[in-house]
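Listed below, chain by chain, are the residues.
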Amino acid sequence: MSRAFLVLGAAMRGAGRPGPALIRRAEHAAALWQAAPETLVVTSGAGGEAEAAAAICRAAGVPPERLICESAARSTAENIAFCRPILARSGICRVTLVTDGYHAPRALFLARRAGLSVDASCPARPPGSPGRRAIVLLREGAAIAKALVLSATGRP
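Residues numbered from 1 in each chain as written. Predicted model: local features only at pLDDT ≥ 70, side-chain atom pairs only at ≥ 80, totals over all residues. Heavy atoms only, no water.

Enquirer: Report on the overall build of the protein, specifying residues and quantitative values.
Expert: In terms of helices and strands, the protein carries 5 helices and 5 strands. The order of helices and strands in the protein, counted from the N terminus, is β-α-β-α-β-α-β-α-β-α. Per-residue burial for the protein yields a buried fraction of 44% across its 156 residues. At a minimum sequence separation of 6, the contacts of the protein that also span at least 24 residues come to 70%. Taken as a whole, the protein presents about 7,700 Å² of accessible surface, with 60% of it coming from carbon and sulfur. (Helix = DSSP H or I, 4+ residues; strand = E, 2+ residues; numbered from the N terminus. Buried < 20%, exposed > 50% of the residue type's maximum accessible area, 1.4 Å probe, protein only. Contact = heavy atoms within 4.5 Å. Areas by Shrake-Rupley, 256 points an atom, 1.4 Å probe, with all protein chains shown as cover.)

In structure tokens form, the structure reads like this:
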């Protein structure tokens, strides 16, 4: 096995239910897996995110032997850092990050900085309100700035 789909965590709703972004990402990973069933699917995220994404993938037909959960990561940087040794132990040399389009540039930057050979695949996202889109883009812009500053100081 030389390739993996890495599902990056996203917010959970109350009572351990996955939020819309996590559902989108996990369903997209399962669809990618259907087209490449030899591929490993790694789900990452604390607070039940990894387990919820894995359950969605299993319900969509991904067998348990093709799933690995990393359940400690609380940020994109931790998703990458904590999954890197898992991927190495599994013999993975190419990773497709599964995340939303607005999040992909930062996730790709962090993964490449960590030495991973990556690309990204993003699920279709229903259009939100202009206000919500602006908030998401502003938040992601701040997160990119933080990643660049931390990168310049050598921190994850």
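Continuing now.
Enquirer: Which residues make up unusual backbone geometry, and what are the values?
Expert: Of note in the backbone geometry, Ala-15 takes a positive phi value of approximately 60 degrees without being a glycine. By the element assignment, Ala-15 lies in the loop between β1 (3–7) and α1 (20–35).

Enquirer: Just give me the short version of the side chain of Ser-44, but keep the residues and values in it.
Expert: Tracing the chain through its elements places Ser-44 in strand β2 (residues 40–44). Setting aside residues no more than four positions away along its own chain, Ser-44 makes contact with Leu-6, Val-7, Leu-8, Gly-9, Glu-49, Ala-50, Glu-70, Ala-73, Asn-79 and Cys-83.

Enquirer: I'd like a rundown of the nonpolar core, residues and numbers included.
Expert: In terms of nonpolar packing, the biggest core is built from 19 residues, with Phe-5, Val-7, Ala-29, Val-41, Cys-57, Val-62 and Leu-67 touching the most fellow members. Going through the elements one at a time, β1, α1 and α2 (49–59) are the ones with two or more residues in this core. Take this core: its biggest share by element is 6 residues, from α1. In this structure, Cys-83, Ile-92, Leu-97 and Leu-108 belong to the second largest nonpolar core, which totals 18 residues. (Core = buried A, V, L, I, M, F, W, Y, C linked by side-chain atoms within 4.5 Å.)

Enquirer: Any details on the packing of helix α3 (residues 76–89) against helix α4 (residues 104–113)? Residues and values, ideally.
Expert: For the pair α3 and α4, interaxial distance at closest approach is 9 Å and the crossing angle is 35 degrees. Considering how the two elements wind past one another, α3 and α4 form a crossing that is right-handed. Seen from α3, the contacting residues are Thr-76, Ala-77 and Ile-80; seen from α4, they are Arg-106, Ala-107, Leu-110 and Ala-111. A breakdown of the residues in the contact of α3 with α4 according to their chemical character gives 5 nonpolar, 1 polar and 1 charged. (Axes fitted to C-alpha atoms, helices over the stretch in contact; angles between N-to-C directions. Left-handed = near helix turned anticlockwise from the far one by under 90°. Nonpolar A, V, L, I, M, F, W, Y, C, P; charged D, E, K, R; others polar.)

Enquirer: Describe the pattern of salt bridges, listing the residues and the values that go with them.
Expert: A complete count under the given rule lists 5 salt bridges for this structure. In this structure, Arg-25 and Asp-100 form a salt bridge, with 3.1 Å as the shortest nitrogen-oxygen distance. Of this pair, Arg-25 sits in helix α1 while Asp-100 sits in the loop between β4 (94–98) and α4, and the two are 75 residues apart along the sequence. One salt bridge connects Glu-78 with Arg-74, and the closest N-O pair in it is separated by 3.0 Å. Looking at Glu-78, the relative accessible area reads 18%, which means it is buried. Its relative accessible area of 69% is what places Arg-74 among the exposed residues. Through salt bridges with shared partners, a single network forms among Arg-3, Arg-94 and Asp-119. (Salt bridge = Lys/Arg side-chain N within 4 Å of Asp/Glu carboxyl O.)

Enquirer: So what's going on with α4? Residues and values would help.
Expert: Within α4, the full set of buried residues consists of Ala-104, Arg-106, Ala-107, Leu-108, Leu-110 and Ala-111. Phi turns positive, to about 90 degrees, at Gly-115, one or two residues after α4.

Enquirer: Go over the pairing of β2 with me, naming the residues and quoting the values.
Expert: Counting buried positions along β2 gives 5 out of 5 residues, so the element sits mostly inside the fold. Both faces of β2 are covered, namely the face carrying Leu-40, Val-42 and Ser-44 and the face carrying Val-41 and Thr-43. In this sheet, β2 lies alongside β1 in parallel orientation, the contact comprising 4 bridges. Across the sheet, residue Val-7 finds its bridge partner in β2, namely Thr-43. When β2 meets strand β3 (residues 67–70), the two strands line up parallel, connected through 4 bridges. Within β3, the position partnered with Val-42 by the bridge is Ile-68. Taken together, β2, α2 and β3 constitute a β-α-β crossover, and its handedness is right-handed. (Pairing = 2+ DSSP bridges. Right-handed = clockwise from strand over helix to strand, strands pointing away.)

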